[in-house]
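Structural description and commentary
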Amino acid sequence: MKVLLAGANGYIGTRLIPVLLEQNHNLVCLVRDKRRFHEQSDFSDKVTLISGDLLKEEKIDPFPKDIDAAYYLVHSMAQDKDFAKLEALSSHNFVQQLNKTNCKQIIFLSGIVNDDNLSEHLTSRLHVEDVLREAKAPVTVLRAAIIIGSGSASFEIIRDLTEKLPIMTVPRWVNTRCQPIAIRDVLGYLEGVLLNEKALGNIFDIGGPDILSFKDMMLGYAKERHLKRHIITIPFLSPKISSYWLYFVTSISYQLAQSLVDSMKNETIMKNHDIDKVVKRKCLTYREALDLAFKRIEQNSIVSSWRDALNNGYLTSSFMDQIKVPQNGTLEYKVKTPFKRNSEEVLNNFMAIGGNRGWYYWDWIWNLRGFLDKIVGGVGSRRGRTSNVSISAGDAIDFWRVLLADKINKRLLLYAEMKLPGEAWLEFKILERNGQKNLSQIATFRPNGLWGRIYWYLMFPFHLFIFKGMAKEIVNYNVEPIAIKS
């Protein structure tokens, strides 16, 4: 079948691609930026790419007429306060384009809804369902609660809280019950309902066999990791305080923390078990889902991660446009460090930067900068990196975004996602000429007005020590080779 996948660069979409290709489907991926897909995906030569900004109908490539089915996996929990309007507009434009095709089914992954007083996020999900039903093709909706898998936001929050805090004072929403489901089972259901006659036009709840509170899940995680943890519930913590608490303790953004805390007031337990009549599947338990996630992390084989979703979300992203570092109106600090060792070793060193590896020199300064970024509402430095053994464009590295990871030209280009009075780039490149080898390290800043220039000059004394020390450590450090997707 010819299948359209919207949201192919997202957490779910990235993992669904190999599942559909394994079934020999002809896959058409709708992406906002083809450059990012080519850099990130091993399947770029096996799928057809069409580009489109779903917020701008005029910028969407025509969908193939002979589409059999379409997945709509565009989510935007990390958006700002207008995310509901953006999601509605995005789904409307999607429907308008899809109605020009012969599509026979739309498949949408939503959230379980059992209450009348829903969070803004779940309300938005319900509205998107209604918009999609305006399409000519029947809609199949799968409603899930918390998704557990390596790289999922829910799993990372549980991991952050449980690993870092032996004693936790937590808000009362940790007692809200839900029905977590493994990412493997979500993918199984998404594939199982594809043009399944019993699924057309129907809504299904999906979930694993366990009904647990968020507190149960944290204690269950602790048990699997052989950790002793104590949880004290404080009932008077407001949703706003809870959101800030989650934001500062974990690696997620404040917008995502706010959406999750707001959603935690609603129980997300399966009331509809009709999916069992359509897709026969024995789902993994919460413990089995954790074990599978641990194995993926240990093997450095995390396929996708919530952190690689762009800082402003899928709907407003255009970060690849920053790949050309501007030359005019910018301030620079350059360091050129000679070395005699093998160039591949130095290349591997700077390609492994950030995350668990750190920044080679004065890590405490980088951590302090990340903390200050958190204070002012930025992403901070706790995102780390998805993989310690591979890197590609689009990956998040602490408070940076990878724009280019070029093994052939021995170049790494990062773009800052921290809160700044301007824009910042950090470039590492190996220069080889006349038998001489140098590591070139360039920090570029495009200030936004007077405050931007004041910020740069206030930071300049730190740059003098940090960048020189970092360059020296990079050319001398011994690190295992890293896989670079080029």
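Here we summarise the structure given alongside this text. (Residues numbered from 1 in each chain as written. Predicted model: local features only at pLDDT ≥ 70, side-chain atom pairs only at ≥ 80, totals over all residues. Heavy atoms only, no water.)

Re the nonpolar core
Rules: What is meant by a nonpolar core is a set of buried Ala, Val, Leu, Ile, Met, Phe, Trp, Tyr and Cys residues, joined one to another through side-chain atoms within 4.5 Å. With a 1.4 Å probe rolled over the protein chains alone, any residue whose accessible area is under 20% of its type maximum counts as buried; one over 50% counts as exposed, and the rest are partly exposed. Put simply, DSSP H or I for four residues or longer makes a helix, DSSP E for two residues or longer makes a strand, and each gets a number counted from the N terminus. Contact between two residues is taken to exist if any of their heavy atoms lie within 4.5 Å; hydrogens are not considered.
Ranked by internal contacts, the top residues of the largest apolar core, which has 76 residues, are Tyr71 and Phe214. If you tally residues by element for this core, the top one is helix H1 (residues 11-22), at six residues. Setting aside residues no more than four positions away along its own chain, tyrosine 71 makes contact with Val3, Leu4, Leu5, Ala6, Leu16, Leu20, Phe94, Ile107, Leu190, Glu191 and Leu194. Counting residues in hydrophobic clusters, the runner-up holds 40 residues, among them Leu439, Phe445, Trp456 and Ala471.

Quick look at the packing of aromatic side chains
Inclusion rule: Ring pairs are drawn from Phe, Tyr and Trp, using the six-membered ring of Trp, whenever the two centres fall within 6.5 Å, and their geometry is named by plane angle: stacked under 30 degrees, edge-to-face over 60, tilted for the rest.
Following the criterion strictly, the structure yields 21 aromatic pairs and no others. An angle of 55° between the planes, with centres 5.8 Å apart, marks the rings of phenylalanine 63 and phenylalanine 94 as tilted. Of this pair, phenylalanine 63 sits in the loop between strand S3 (48-51) and strand S4 (69-72) while phenylalanine 94 sits in helix H3 (residues 83-98), and the two are 31 residues apart along the sequence. Residues phenylalanine 63 and phenylalanine 94 agree in their burial class; the two are buried. For the pair phenylalanine 445 and tyrosine 455, a centre-to-centre distance of 5.7 Å together with 40° between the ring planes defines the contact as tilted. Of this pair, phenylalanine 445 sits in strand S20 (residues 436-447) while tyrosine 455 is found in helix H14 (residues 449-476), placing the two residues 10 residues apart along the sequence. Look at phenylalanine 445 and you get buried, because its relative accessible area is 2%. Among the aromatic side chains, those forming a connected cluster through ring pairs are Tyr333, Phe445, Tyr455, Trp456, Phe460 and Phe467.

Overview of the pairing of strand S18 (residues 411-416)
This is how the line gets drawn: If DSSP finds at least two bridges between two strands, the strands pair.
With respect to burial, S18 is a largely interior element, six of its six residues being buried. Every second residue of S18 is oriented toward a common face, with Arg411, Leu413 and Tyr415 on one face and Leu412, Leu414 and Ala416 on the other, all of them buried. Pairing analysis gives six bridges linking strand S17 (residues 400-406) to S18, with the strands arranged antiparallel. Its bridge partner lying in S18, leucine 404 is registered against leucine 413. Adjacent in sequence and paired antiparallel, S17 and S18 are bridged by four residues, among which lysine 410 carries a positive phi angle near 50°. Both S18 and strand S19 (residues 422-433) contribute to a ladder of five bridges, which runs antiparallel. Note that in S19 the partner of leucine 414 across the bridge is leucine 426. In textbook terms, the turn of a hairpin is the stretch between consecutive antiparallel strands, and for S18 and S19 this stretch comprises five residues.

A word on the state of the cysteines
Put simply, the rule reads: Counting rule for disulfides: a pair of cysteine sulfur atoms within 2.5 Å.
Counting across every chain of the model gives zero disulfides. Of all cysteine sulfurs, the one in cysteine 29 lies closest to cysteine 103, which takes part in no disulfide; the gap is 15 Å. Free cysteine: cysteine 283, not disulfide-bonded; nearest cysteine sulfur from cysteine 178 at 14 Å. On the accessibility criterion, cysteine 283 (12% relative accessible area) is buried.

A word on the sheet that holds S19
One open sheet accounts for six strands, arranged S14-S20-S19-S18-S17-S16; its pairing is antiparallel. Pairing within the sheet leaves two strands with one partner each, and these edge strands are strand S14 (331-338) and strand S16 (396-397).

Some thoughts on the side chain of glutamine 179
Within the secondary structure, glutamine 179 sits in the loop between strand S9 (177-178) and strand S10 (181-182). Discounting residues that sit within four places of it in the chain, glutamine 179 has contacts with Ala145, Ile146, Gly207, Gly208, Asp210, Ile211, Thr268, Ile269 and Met270.

Digging into the packing of helix H7 (residues 214-224) against helix H11 (residues 286-298)
Note the cut-off: Between N-to-C directions, angles cover 0 to 180 degrees, with each direction set by a line fitted to C-alpha atoms, over the stretch in contact for helices. To sort the angles, those under 35 degrees are grouped as roughly parallel, those over 145 as roughly antiparallel, those from 65 to 115 as roughly perpendicular, and the leftovers as oblique. Note on convention: the crossing is left-handed when the near helix lies turned anticlockwise from the far helix by less than a right angle, right-handed when the turn is clockwise. When residues are grouped by polarity, Ala, Val, Leu, Ile, Met, Phe, Trp, Tyr, Cys and Pro land in nonpolar, Asp, Glu, Lys and Arg in charged, and all others, Gly among them, in polar.
It is the contact of H7 with H11, at a shortest axis distance of 11 Å, that shows an interaxial angle of 55°. Relative to H11, the element H7 is oriented oblique. Note on packing geometry: the crossing formed by H7 with H11 is right-handed. Contacts between H7 and H11 pair Met217, Met218, Gly220, Tyr221 and Glu224 from the former with Tyr286, Arg287, Leu290, Asp291 and Phe294 from the latter. Of the residues in the contact of H7 with H11, the class split is six nonpolar, one polar and three charged.

Describing the sheet that holds strand S6 (residues 139-144)
Spatially, S3-S2-S1-S4-S5-S6-S11 is the arrangement adopted by the seven strands of the open sheet, whose pairing is parallel. Unpaired on one side and paired on the other, S3 and strand S11 (203-206) mark the two borders of the sheet. Mean inter-strand twist for the sheet, computed between neighbouring axes without regard to direction, equals 20°. Alignment of strand S5 (residues 106-111) against S6, held across six bridges, turns out to be parallel. Bridging from a neighbouring strand, phenylalanine 108 pairs with valine 141 of S6.

Quick look at the packing of helix H5 (residues 153-164) against H7
Interhelical geometry of H5 versus H7 gives an angle of 65° and a closest axis separation of 9 Å. With respect to the hand of their crossing, H5 and H7 are arranged in right-handed fashion. Contact residues: Phe155, Ile157, Ile158, Arg159, Leu161, Thr162 and Glu163 in H5; Phe214, Met217, Met218, Tyr221 and Ala222 in H7.

Some thoughts on the pattern of salt bridges
Stated precisely, the cut-off is as follows: For this analysis, a salt bridge means a side-chain nitrogen from Lys or Arg found within 4 Å of a carboxyl oxygen belonging to Asp or Glu.
Taken as a whole and judged by the stated rule, the model has 20 salt bridges. Among the salt bridges present, the one from glutamate 156 reaches arginine 159, with a minimum N-O distance of 3.0 Å. On the criterion of helical spacing, the pair formed by glutamate 156 and arginine 159 is a turn pair, its members being three residues apart in helix H5. With a shortest N-O distance of 2.8 Å, arginine 225 and glutamate 163 are connected by a salt bridge. In this pair, arginine 225 is assigned in the loop between H7 and strand S13 (230-234) and glutamate 163 in helix H5, connecting sequence segments 62 residues apart. Members of the salt-bridge network, linked through shared partners, are Glu129, Asp130, Arg133 and Arg143.

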